[in-house]
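Descriptive structure summary
These are the residues of each chain, in order.
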Amino acid sequence: MRKTLKGMMGGVAMLLALAFAGSAHAAVCGDLNGNGSRSTADVVLLFRAVLENPDPSPLCGGAGVNDCGDVNDSGSISTADVVILFSSVLGNETLFALCDGQGTIRPCGSVVSGTISSNETWDACTYTLDGIVFVEPNVVLTINPGALILGDSTPTSDPTSALVFRRDSKINAPGTSANPIVFTCDLGSGSKFAGCWGGVVLNGRAPVNVPGGEGLAEGLANTPFGGTDANDSSGLARFIRVEFAGRILSPNNELNLFTMNGVGRGTTIDHVHVNQGLDDGLEWFGGNVNSKFMSATAMADDGLDWQLGTVGSLQYGFAAHYGGNMDTGGSHEFEGDNNENGNDFLPRSKPKFCNVTLVGTRNQANGNKTNSNMLLRRGTAGQIMKTIAINANTSGVRMNDSATSNNACGVGPTLTGELNCQDCVFFNNGTTGTVHADANATGGNCSTAQLFTLWTGQATAPTVTTDPGLPVGTGETWPPLSPVPSAAANSAAIDCKTVDAFFDTTGYRGGFQPGAASWLTAPWYNVAIN
């Protein structure tokens, strides 16, 4: 057995050395062989120490393997340390700085205000945000599964309460389906309201299409975002819920429920549910983060909103509006922009969506406001695939301007492929149930109606207008009916994985597999209105 292990280790060492020779970073932590830098040789030594448990005195300069091999600062070495060290040697950004752990645990029941300037952990108990709390650069805030974070509805000094991660800080929020991390208002059940507090904001260094390459976050003083690092990491957020948040501080200056400003693809975001918000639910301001299992319900404004050069991918999404909490100016499931100050600024917004279900408010009480499944404007591009767009009160899709039209359509008109909806289904939209494309005249190379005709007429993976088999009355009542469709939603007309390797291969339209259980599960998923 030992002979086999030694042979395996020799092979691993040789392969690593050949594949990654010269990939070292000047550091002490992780430098097991004591040569002044980290390399694959140190990874092999740590791997061997974990498997065989030798601790010869030369390791870590004679101090022993735990001195520099415990890179996650857990108190002992394990395979987790090997993975982290290997990732660092490859040049990948790690969640924590090497040998820098989670910090101290903040006492349960704490009221948090001002800034968080060193690593700390919030446990599975209650914490209150008094005002806008900033997590400073190079700080990791760990929030354990089951934590309940309350936004003070009447903070001591700031206009609202919010949790804001500055550039180079990280969130580490690994919630679970059974023990989600919940951000909510400090008022009791039955007294909460949309906009009771501000929300959660991540700021990264991924590219945005703002002149100069950097923007300033809405609703916050001197909080920049954006940069040149497409691989930037803002941490990990999984199975979290943000509710009763969003705050309009002044016209066009709002906090959303979960905001991603210039967030890079090194960030892990999945299973985020936002509910009952005063502004937008999930909003991307540029960046290229990829995500799965994202849900927005009962927004006063838009469910899924992007702008400023957003180019990330999302698979398995759900957005539904509640008629009792809608902006009279228009509330949409998708609202896509490029840049309102320069509709053709680059990089152009071109996100990719696969397996999303969009549900409007047609026939819902108080739902007779402007509501389109998709509002696409200000020069946005985008690839929308295997998406169900149903029950919008006004129209299935609306395109608002010539910049968007000219980008989507060539002269003729013909599809350019820059703004396309493939293998999608539109059903039961508008006052007659058949208004899938808004009749507005946008100018440019095609109207919304012409674009929709091109979508439905394309030779491969055309969009259709047949019943996808959602429960009768979907979108007409609150709470929403289960959005799981019947077998009518099955389709293999396009494989999203051929468009982006991040996507899974699926054989159905919409965010939910026909006949399977919904991934919107309690206690993570909650659609309470107060």
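Here goes a summary of the coordinates provided. (Residues numbered from 1 in each chain as written. Predicted model: local features only at pLDDT ≥ 70, side-chain atom pairs only at ≥ 80, totals over all residues. Heavy atoms only, no water.)

Counting across every chain of the model gives 16 aromatic pairs. Ring geometry for Phe512 against Trp519: centres 4.8 Å apart, planes inclined by 15 degrees, an arrangement best described as stacked. It is Arg166 that lies over the ring of Phe134; its NZ or CZ is 4.1 Å from the centre. Here Lys292 stacks its cationic end above the ring of Phe502, 4.7 Å away from the centre of that ring. (Phe/Tyr/Trp six-rings, centres within 6.5 Å; stacked < 30°, edge-to-face > 60°. Lys NZ or Arg CZ within 6 Å of the ring centre and 35° of its normal.)

You can see Asp270 is positioned in strand E21 (residues 268–277). Leave out the neighbours within four places in its chain, and Asp270 touches Ala237, Arg238, Phe239, Lys292, Phe293 and Met294. (Helix = DSSP H or I, 4+ residues; strand = E, 2+ residues; numbered from the N terminus. Contact = heavy atoms within 4.5 Å.)

So, about the nonpolar core. In this structure, Trp122, Ile143, Leu163, Phe183, Val242, Phe258 and Met374 are the most contacted members of the largest nonpolar core, which totals 67 residues. Residue contacts for Val242: discarding those within four places in its chain leaves Phe183, Trp197, Gly199, Val200, Leu257, Phe258, His273, Val274 and Asn275. Grouped together as the second largest cluster of nonpolar side chains are 22 residues, Ala298, Tyr322, Trp478 and Phe512 included. (Core = buried A, V, L, I, M, F, W, Y, C linked by side-chain atoms within 4.5 Å. Buried < 20%, exposed > 50% of the residue type's maximum accessible area, 1.4 Å probe, protein only.)

Glancing now at the pattern of salt bridges. Enumeration over the complete set of coordinates arrives at 19 salt bridges. One salt bridge connects Arg106 with Glu120, and the closest N-O pair in it is separated by 2.6 Å. On the criterion of sequence distance, the pair formed by Arg106 in strand E3 (residues 104–106) and Glu120 in strand E6 (residues 120–122) is long-range, its members being 14 residues apart. (Salt bridge = Lys/Arg side-chain N within 4 Å of Asp/Glu carboxyl O.)

Of all the positions in helix H4 (residues 79–89), only Asp81, Val82, Leu85, Ser88 and Val89 are classed as buried. Taken down its axis, H4 places every buried residue within 130 degrees of arc, on the same side. A positive backbone phi angle near 95 degrees is found at Gly91, which sits one or two residues after H4. (Arc of directions from axis to C-beta.)

This part takes up unusual backbone geometry. That bond from Gly412 to Pro413 is cis: its omega, -5 degrees, falls within 30 degrees of zero. With respect to the helices and strands, the residue Pro413 is situated in the loop between strand E32 (409–410) and strand E33 (414–415). Despite not being glycine, Asn138 shows a phi value in the positive range, around 65 degrees. Looking at the element boundaries, Asn138 is found in the loop between strand E8 (132–135) and strand E9 (140–143). Since its relative accessible area comes to 63%, Asn138 is described here as exposed. With a phi angle near 50 degrees, Asn222 is a residue other than glycine that sits in the positive phi range. Examined against the element boundaries, Asn222 turns out to sit in the loop between strand E15 (215–216) and strand E16 (224–225).

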